[in-house]
Amino acid sequence: MTTMAAGGFRMRSLGADLGRKAIYAVPALFCLGFCIVVVPLQMILPSLPPVFVKPDLSAMLIAYAAFRLPLIPSFGLAAAVGFWRDLLTPGPIGPYLLAFTLTSILVFLVRHGLFLDSAWFFPGMAALATFVILGMAHAIALLEHRQWVWSVAPWNGFVISALLTAVVSVPTGWFFDWSWKLLLSRRSVDKEDDLLEIEVL
């Protein structure tokens, strides 16, 4: 009986660990699914007439992943989305891949360094991610074409795009946080069920 109970305990503990890891992976997969759709949507999204810029939706999602997820899932998500955007963008593969991954690490470090856990800080992180991604991709493209003369006009557009992304990120961040809290509450229920099963054994 003792051996059977120990075996049952190990099996249930293994199942609980796999369940918790799956719950942690759901937000990353959720963001990845959104990014697969958002990257081509970003290309056909019309620019606003006065300034001829638009918010960067994929940068906003990458910022949210780095804002809420651990480093490895957010870094992997950023690399996958950057590679996907490079495939759909004319030019060589690499600028957005490098820009997305480095920006993901930057947002993660800023968030943990300044202890920014509230959703009110997410629009600022989204604006920072948008400006860094667009600016870095533009700088890499200039270096690849060996154009050493930099113009101020694109950087003004990057600032406006970052502000537009911050505005769009307010309802989007609330929606993602609402989904995130549902996942956390589900995880706590599963944990209580696991403890109840252990007590029964």
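Rules used in this analysis
Residues numbered from 1 in each chain as written. Predicted model: local features only at pLDDT ≥ 70, side-chain atom pairs only at ≥ 80, totals over all residues. Heavy atoms only, no water. Salt bridge = Lys/Arg side-chain N within 4 Å of Asp/Glu carboxyl O. Helix = DSSP H or I, 4+ residues; strand = E, 2+ residues; numbered from the N terminus. Buried < 20%, exposed > 50% of the residue type's maximum accessible area, 1.4 Å probe, protein only. pLDDT = per-residue confidence, 0-100. Contact = heavy atoms within 4.5 Å. Phe/Tyr/Trp six-rings, centres within 6.5 Å; stacked < 30°, edge-to-face > 60°. Lys NZ or Arg CZ within 6 Å of the ring centre and 35° of its normal. Expected span 1.5 Å × (residues − 1). Polar contact = N/O pair within 3.5 Å; in protein donor to acceptor, adjacent residues only side chain to side chain.

1. Describing the pattern of salt bridges
Here the structure, examined in full by the defined rule, presents 2 salt bridges. The closest approach of N and O atoms between Asp-56 and Arg-85, which form a salt bridge, is 2.9 Å. Of this pair, Asp-56 sits in the loop between α1 (2–44) and α2 (57–68) while Arg-85 sits in helix α3 (residues 71–88); the two residues are 29 residues apart in sequence, bridging distant segments of the chain. Take Asp-56: its relative accessible area is 2%, and that puts it in the buried class. Across the salt bridge formed by Asp-117 and Arg-111, the nearest N and O atoms sit 3.2 Å from each other.

2. Remarks on the confidence of the model for the protein chain
Taken over all residues, the pLDDT of the protein chain has a mean of 77, while the share at 70 or more is 75%. Taken element by element, the protein chain is modelled with least confidence in α1, mean pLDDT 62, and with most confidence in helix α4 (residues 95–113), mean pLDDT 91. The low-confidence segment residues 1–6 (pLDDT under 50) makes 1 contact with residues lying over four places distant or belonging to another chain. Every residue in residues 188–201 is under pLDDT 50, and counting partners more than four places away or in other chains gives 9 contacts.

3. Quick look at the packing of aromatic side chains
Throughout the structure, instances matching the rule amount to 5 aromatic pairs. Look at Tyr-96 and Phe-100: their rings are 6.2 Å apart centre to centre, the planes differ by 40°, and that puts the pair in the tilted class. Placement of the pair is Tyr-96 and Phe-100 together in helix α4, with a separation of 4 residues, close to one helical turn. Like Phe-100, Tyr-96 is buried. Pairing Phe-131 with Trp-155 gives two aromatic rings, centres 5.9 Å apart and planes at 55°, and the pair type is tilted. Here Phe-131 is found in helix α5 (residues 122–144), whereas its partner Trp-155 is found in helix α6 (residues 152–200), with 24 residues between them in sequence. Overall, Trp-155 belongs to the partly exposed group, its relative accessible area being 22%. Members of the aromatic cluster, each reached through a chain of ring pairs, are Tyr-64, Phe-67 and Phe-122. Positioned over the ring face of Phe-67 is Arg-111, at 6.0 Å from the centre of the ring.

4. With respect to α2
For α2, built from 12 residues, the straight-helix expectation of 16 Å at 1.5 Å per residue is met to within 8% by its first-to-last C-alpha distance of 17 Å. Most of α2 is tucked away: 12 of the 12 residues are buried. Turning to α2, its buried residues are Leu-57, Ser-58, Ala-59, Met-60, Leu-61, Ile-62, Ala-63, Tyr-64, Ala-65, Ala-66, Phe-67 and Arg-68.

5. Description of the side chain of Arg-111
Within the element layout of this structure, Arg-111 appears in helix α4. Residue Arg-111 is classed as buried on the basis of its relative accessible area, which comes to 12%. A polar contact is formed between the side chain of Arg-111 and the backbone oxygen of Phe-67, at a distance of 3.2 Å. Once residues within four sequence positions are removed from consideration, Arg-111 is found in contact with Ala-66, Phe-67, Arg-68, Leu-69, Leu-116 and Asp-117.

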